[in-house]
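Listed below are the residues making up each chain.
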Amino acid sequence: MEVKIKKAETIKPVIETDKLGFGQHFTDHMFNMDYNHQKGWHNPRIEPYAPIIADPAMMVFHYAQAVFEGLKAFYSKSGDILLFRPKDNFKRLNDSCRAICIPQVDEEFALKALKQLIEIEKDKVPQADGTALYIRPTIVATDAYLGVKPSDTYRYFVILSPVGAYYAAGFNPIKIWITKNHVRAIKGGIGCYKAAANYAASLYAGKEAAAKGYAQVLWLDGEKRKYIEEVGAMNIFFVIDNQLITPELSGSILPGITRKSVIRLAKEWDIKVSERQISVEELIEAYDAGKLQEAFGSGTAAVISPVGEIGYDDKVLNINNGKVGEMTAKFYKRLTDIQYGRAEGPDGWVEKI
Ligand SMILES: *Cc1c(COP(=O)(O)O)cnc(C)c1O
């Protein structure tokens with residue numbers, strides 16, 4: 001398929017680095033493509049960024065048949081624009097599609113079209129330290145129809161958002177809250193896919209945690225409410241007794257690409273890493289025994305997010321005196337060095353535009 005290109009007539013001014021924030025500003029162009037049963041995915045086009053005119057009966061509004069991805073492009077010192085493991089994102093996009101009956105896209109074509117879009121927007125990739133171009137591929141159901149069934153038509157679109165350094169105020173540990181009252185996902189459900197509905201399910205608990213002064217929710221498994229799953233929209237890692245531990249992919253945890261990358265780097269560094277169930281009780285016991293050394297979240301937006309405090313009931317676990325741990329800092333540095341092209345990573349992790 002040939003991508004049609006229509007350039008924007010007016011170009012927005014470049015946003016100053018300190019005003020970038022996260023997910024607030026969008027570039028001048030977007031990628032669009034439509035689906036129907038007769039033509040399959042068709043009419044791929046890059047055109048000016050614009051509102052989508054939608055029928056109020058459009059199925060995505062009512063039944064949340066929507067999936068998305070999140071990845072970043074980085075400006076390297078040599079002037080190249082680099083994508084981090086983008087093939088994994090498009091593969092996961094199709095896994096999400098399959099899970100909620102959305103027709104899959106051609107992964108190779110989607111990546112090629114993304115590269116074309118970024119090429120057009122290359123002047124909008126921020127260059128300052130710690131900044132990046134956040135990429136949001138999305139697919140939504142577009143039939144105007146009330147009634148629960150898979151839509152017959154869809155829109156795939158990609159928008160781009162120049163983002164500032166996630167840690168504008170420095171690489172500071174966050175406080176997270178373990179909720180017993182709410183669950184995000186359950187085995188057999190869609191928690192392990194980037195389906196929009198999962199994020200609606202996470203909002204109420206997030207608000208409760210915020211009211212207690214916590215930045216994110218640490219989710220427990222939906223069945224026993226005993227085993228730790230993930231934190232906000234990040235995967236979680238603990239360093240206990242010099243071992244790296246992360247919950248195994250249980251079917252209700254999102255298989256993060258950053259998570260997979262951390263595990264791979266740990267193996268390279270001969271750090272003992274285990275993917276297994278870990279209960280809150282075990283975490284508290286390790287803490288009481290003085291063996292809980294570090295905790296951090298992993299995800300595309302923040303890359304690595306150090307955790308300085310975990311709240312559960314009346315208990316407060318103060319981790320590493322609220323300071324960034326050694327291993328946490330080491331993973332952050334190594335991953336960002338690879339992403340910005342300052343160091344070479346394992347084969348295939350970084351792709352030039
Ligand atoms: C996206 C996401 C992650 C992190 O995945 P990455 O591929 O590392 O960005 C973790 N948990 C949830 C719920 C997510 O949506």
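Residues numbered from 1 in each chain as written. Predicted model: local features only at pLDDT ≥ 70, side-chain atom pairs only at ≥ 80, totals over all residues. Heavy atoms only, no water.

*Asks:* What should I look at first to understand the domain arrangement of the protein chain in this one?
*Replies:* One frequently used descriptor of interface size is the decrease in accessible area upon assembly of the parts. What the domain assignment reports for the protein chain is domain 1 (4-164) and domain 2 (174-339). On a C-alpha basis, the centres of domain 1 and domain 2 stand 27 Å from each other. Across the interface of domain 1 and domain 2, roughly 1700 Å² is buried in total on both sides, 67% from carbon and sulfur atoms. Considering only the surface of domain 1 that becomes buried against domain 2, Phe68, Phe84 and Arg92 emerge as the three largest contributors, covering 36% of it. (Domains from an automatic or database assignment. Buried area = accessible area lost by both parts, 1.4 Å probe.)

*Asks:* Help me understand the nonpolar core in this model?
*Replies:* Most often, soluble globular proteins have nonpolar side chains that are buried together. If you look at the biggest cluster of nonpolar residues, it comprises 42 residues, and the most contacted ones within it are Phe31, Leu114, Ile118, Ile135, Ile139 and Tyr156. In terms of residue count, the dominant contributor to this core is helix 3 (residues 107-120) (seven residues). Excluding residues that lie within four positions of it along the chain, leucine 114 makes contacts with Leu71, Leu83, Phe90, Ile135, Val158 and Leu160. (Core = buried A, V, L, I, M, F, W, Y, C linked by side-chain atoms within 4.5 Å. Buried < 20%, exposed > 50% of the residue type's maximum accessible area, 1.4 Å probe, protein only. Helix = DSSP H or I, 4+ residues; strand = E, 2+ residues; numbered from the N terminus. Contact = heavy atoms within 4.5 Å.)

*Asks:* Would you mind going over the site of the ligand with me for this structure?
*Replies:* Inspection of the region around the ligand gives 14 residues, with Lys194, Tyr199, Glu230, Thr258 and Thr300 positioned closest. At 2.7 Å, a side-chain N or O of lysine 194 approaches an oxygen atom of the ligand. At 2.5 Å from a nitrogen atom of the ligand is found a side-chain nitrogen or oxygen belonging to glutamate 230. In the complex, 97% of the free accessible area of the ligand, which totals 380 Å², lies under the protein chains. Those elements giving two or more residues to the shell around the ligand turn out to be strand 12 (234-240) and helix 6 (257-268). Taken together, the residues that form the shell around the ligand break down as five nonpolar, five polar and four charged. (Near = heavy atom within 4 Å. Polar contact = N/O pair within 3.5 Å; in protein donor to acceptor, adjacent residues only side chain to side chain. Areas by Shrake-Rupley, 256 points an atom, 1.4 Å probe, with all protein chains shown as cover. Nonpolar A, V, L, I, M, F, W, Y, C, P; charged D, E, K, R; others polar.)

*Asks:* What exactly am I supposed to notice about the pairing of strand 11 (residues 228-231) here?
*Replies:* Two faces make up the sheet, and in a regular strand the side chains alternate between them. Note: strand 10 (residues 216-220) against strand 11, two bridges, orientation antiparallel. Bridging from a neighbouring strand, leucine 218 pairs with valine 231 of strand 11. Where strand 11 lies against strand 12, two bridges are found, and the strand directions are antiparallel. In the sheet register, valine 231 faces strand 12, and the bridge partner there is methionine 234. (Pairing = 2+ DSSP bridges.)

*Asks:* Looking at this structure, how should I read the side chain of threonine 336?
*Replies:* Relative to the elements of secondary structure, threonine 336 occurs in helix 8 (residues 326-339). Residue contacts for threonine 336: discarding those within four places in its chain leaves Val303 and Arg342.

*Asks:* Even after reading the chapter, I still don't get helix 7 (residues 280-288), so can you show me in this structure?
*Replies:* Among all positions in helix 7, only Val280, Leu283, Ile284 and Ala286 are buried. All buried residues of helix 7 project into a common sector of 160° when viewed along the axis, lining one side. The exposed residues of helix 7 that point more than 90 degrees off its buried face are Glu285 and Asp288. The positive-phi residue at the C-terminal boundary of helix 7 is glycine 290, with phi of around 75°. (Arc of directions from axis to C-beta.)

*Asks:* Looking at this structure, I do not really get the pattern of salt bridges. What am I missing?
*Replies:* Oppositely charged side chains can pair when the atoms bearing their charge come close. All told, the structure shown has 24 salt bridges when counted by the stated rule. Arginine 45 serves as the salt-bridge partner of glutamate 47, at 3.0 Å between the closest nitrogen and oxygen. Linking aspartate 337 and lysine 333 is a salt bridge whose minimum nitrogen-to-oxygen distance equals 2.7 Å. Of the two residues, aspartate 337 and lysine 333 both sit in helix 8, four residues apart, roughly one turn of that helix. (Salt bridge = Lys/Arg side-chain N within 4 Å of Asp/Glu carboxyl O.)

*Asks:* Is there a simple way to explain a nonpolar patch on the surface in this structure?
*Replies:* Taken together, the side chains of Tyr63, Leu146 and Val148 make up a nonpolar region of the molecular surface, amounting to roughly 320 Å² of accessible area. Mapping leucine 146 onto the fold places it in the loop between strand 7 (132-141) and strand 8 (154-163). (Patch = residues over 30% accessible without salt bridge, like charges linked within 9 Å, V, L, I, M, F, W, Y side chains within 5 Å.)

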